Amino acid sequence: MSPPLDWLSRLLQMTPVRGQLDLRCQYGAPWRIDQDAFSDGEMAYHIVLDGSASLVGENGEELQRIVAGDILLIPNGEAHTLHDGTGSRPRPAKSRVASNLVFSQNAGRGEHLDMLCGRFVLTPAHARLLRRYLPKRLIVQTRNSSITTEADSGTALIRLVSLMQSESAADRLGGRAMLDALSTALFTITLRFASELEAAPPGLLSLAGFPRLAPALDAIFHDPGQAWTLPVLAARCNMSRATFVRLFQEKLGMSANDLLTDIRMMLSANELRTGNASTAAIAESVGYQSEAAFQRAFKSHMGVTPSRWRKQSMAGEGGERT
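Just so you know, these numbers come straight off a predicted model, no measurement behind them.

Visitor: Tell me about the UniProt feature "domain: HTH araC/xylS-type" (unreviewed entry) in the protein, and please be specific about residues and values.
Guide: According to UniProt, the "domain: HTH araC/xylS-type" (unreviewed entry) feature falls on residues 211-312. A helix fraction of 72% and a strand fraction of 0% characterise residues 211-312, whose end C-alpha atoms lie 40 Å from each other.

Visitor: Which residues make up the sheet that holds strand 6 (residues 70-74), and what values do they have?
Guide: Spatial ordering of the open sheet is given by 8-9-1-10-3-6-11, a layout of seven strands whose pairing is mixed. The sheet terminates laterally at strand 8 (93-97) and strand 11 (138-141), the two strands that pair on one side only. Across this sheet, the average inter-strand angle for adjacent strands is 20°, counted without regard to direction. Of the pairings in the sheet, the one linking strand 3 (residues 42-50) to strand 6 comprises four bridges and is antiparallel in character. Along strand 6, the bridge assignment pairs isoleucine 47 with isoleucine 71. This element, helix 3 (residues 153-169), spans strand 1 (18-28), strand 3, strand 6, strand 9 (102-106), strand 10 (112-121) and strand 11 of the sheet and lies at about 85° to strand 3.

Visitor: I'd love a proper account of helix 3, names of residues and values included.
Guide: Here helix 3 is 17 residues long and its end C-alpha atoms lie 24 Å apart, about the 24 Å a rise of 1.5 Å per residue gives. Looking at helix 3, one finds that the buried residues are Ser153, Gly154, Thr155, Leu157, Leu160, Val161, Met164, Glu167 and Ser168. Of the residues flanking the start of helix 3, the one acting as N-cap is aspartate 152, its side-chain oxygen 2.6 Å from the backbone nitrogen of glycine 154.

Visitor: An account of the packing of helix 9 (residues 256-274) against helix 11 (residues 291-302) is needed here, citing residue identities and associated values.
Guide: At a minimum axis separation of 10 Å, helix 9 and helix 11 run at an interaxial angle of 95°. Comparing their axes, helix 11 and helix 9 come out roughly perpendicular. Within the contact between the two elements, helix 9 uses Thr261, Asp262, Met265, Ser268, Ala269 and Leu272 and helix 11 uses Phe294, Ala297, Phe298, His301 and Met302. Residue composition of the contact of helix 9 with helix 11, grouped by class: seven nonpolar, three polar and one charged.

Visitor: Let's hear about the nonpolar core: which residues, and what values?
Guide: Counting residues in each nonpolar core, the largest one holds 79 residues, and the members touching the most others are Phe187, Phe244, Phe248 and Leu259. Broken down by element, this core gets its largest block of residues, nine residues, from helix 9. Mapped onto the domain boundaries, this core takes at least three residues apiece from domain 1 (7-200) and domain 2 (210-317). In this structure, phenylalanine 248 is in contact with Leu207, Leu213, Ala216, Ile220, Gly253, Met254, Ser255, Ala256 and Leu259, ignoring residues within four places of it in sequence. Counting residues in hydrophobic clusters, the runner-up holds 17 residues, among them Ala29, Trp31, Ala44 and Val48.

Visitor: Break down the domain arrangement of the protein for me, with residues and values.
Guide: How big an interface is tends to be reported as the loss of accessible area on association of its parts. Assigned domains of the protein: these are domain 1 (7-200) and domain 2 (210-317). For domain 1 and domain 2, the distance between their C-alpha centres works out to 31 Å. Contacts between domain 1 and domain 2 engage ten residues on the former and 16 residues on the latter. When the two sides are added together, the surface that domain 1 and domain 2 hide from each other amounts to roughly 1,300 Å², 68% of it contributed by carbon and sulfur. A per-residue breakdown of the area domain 1 buries against domain 2 is headed by Trp7, Met14 and Tyr133, which together make up 45% of the total.

Reading the values: rules and limits
- Residues numbered from 1 in each chain as written.
- Predicted model: local features only at pLDDT ≥ 70, side-chain atom pairs only at ≥ 80, totals over all residues.
- Heavy atoms only, no water.
- UniProt positions renumbered as here; feature names shortened; annotations may be inferred.
- Helix = DSSP H or I, 4+ residues; strand = E, 2+ residues; numbered from the N terminus.
- Pairing = 2+ DSSP bridges.
- Axes fitted to C-alpha atoms, helices over the stretch in contact; angles between N-to-C directions.
- Contact = heavy atoms within 4.5 Å.
- Expected span 1.5 Å × (residues − 1).
- Buried < 20%, exposed > 50% of the residue type's maximum accessible area, 1.4 Å probe, protein only.
- Polar contact = N/O pair within 3.5 Å; in protein donor to acceptor, adjacent residues only side chain to side chain.
- Parallel < 35°, antiparallel > 145°, perpendicular 65-115°, else oblique.
- Nonpolar A, V, L, I, M, F, W, Y, C, P; charged D, E, K, R; others polar.
- Core = buried A, V, L, I, M, F, W, Y, C linked by side-chain atoms within 4.5 Å.
- Domains from an automatic or database assignment.
- Buried area = accessible area lost by both parts, 1.4 Å probe.

Here you go:
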């Protein structure tokens with residue numbers, strides 16, 4: 001018998017994520033990184049090991065200063081710039097290729113920066129789902145967080161980053177595989193840590209960090225094929241329908257029905273991609289009483305009919321290409 005899955009494990013089972021460390025930047029000021037937008041199925045991340053950096057959005061707006069211990073996740077993969085903040089002309093960077101990683105370095109003599117840069121890779125459809133529920137930019141600050149126990153998520157995150165730092169600094173056997181595996185784990189631990197913060201970022205992480213709504217969240221993730229109604233979900237949380245609707249919208253930024261539909265669509269998309277069940281059987285398994293209603297909902301969400309999605313998936317085309 002398989003053990004029960006928590007909501008985050010269930011989400012990542014439905015939307016598998018593969019991490020990839022691309023670069024270790026070691027600069028002295030002045031320096032500047034102009035990052036183009038990532039592809040539809042990619043999310044950028046940066047880990048500041050030492051020093052600090054100013055983050056600039058795709059429209060040129062100065063957003064925030066990130067410092068050593070900060071992890072920046074950009075779920076929408078938007079173009080962005082990181083710079084030293086001096087306004088001076090950056091010193092040119094050169095790449096040095098090691099066995100397991102590419103190092104980007106310059107000859108600047110100002111404040112030192114040491115930063116890991118990578119990406120999380122999903123199918124475009126999975127990325128679209130996750131982006132609806134994650135903030136446009138997520139910054140977690142491990143050095144300013146109160147860590148209480150050895151089992152604390154902050155402790156785990158700090159140790160993971162430390163291991164990534166040491167693995168990237170040496171050409172060890174299996175190092176590339178280790179760095180990518182650690183990058184994959186980084187996604188999960190960063191989301192877990194962010195959901196446990198007192199001021200969790202808006203979206204799914206804020207919802208998950210609000211215990212009063214946990215029964216509804218568990219129900220939706222673990223049994224999305226059930227005919228859940230707002231009164232039933234509210235009753236599981238021991239609150240009125242009006243209070244449930246208000247709190248869910250306040251925390252998530254959308255309704256419980258929106259989340260339920262998204263999960264149903266992702267489960268059915270996965271089944272169409274990997275299984276042989278008929279469209280009617282899949283529709284029933286995710287809670288639709290008629291195949292026609294399922295067909296309409298799927299096309300509205302995914303942009304193509306279930307049969308077209310299956311054909312594209314089998315051919316490695318369209319929304320399922322990574």
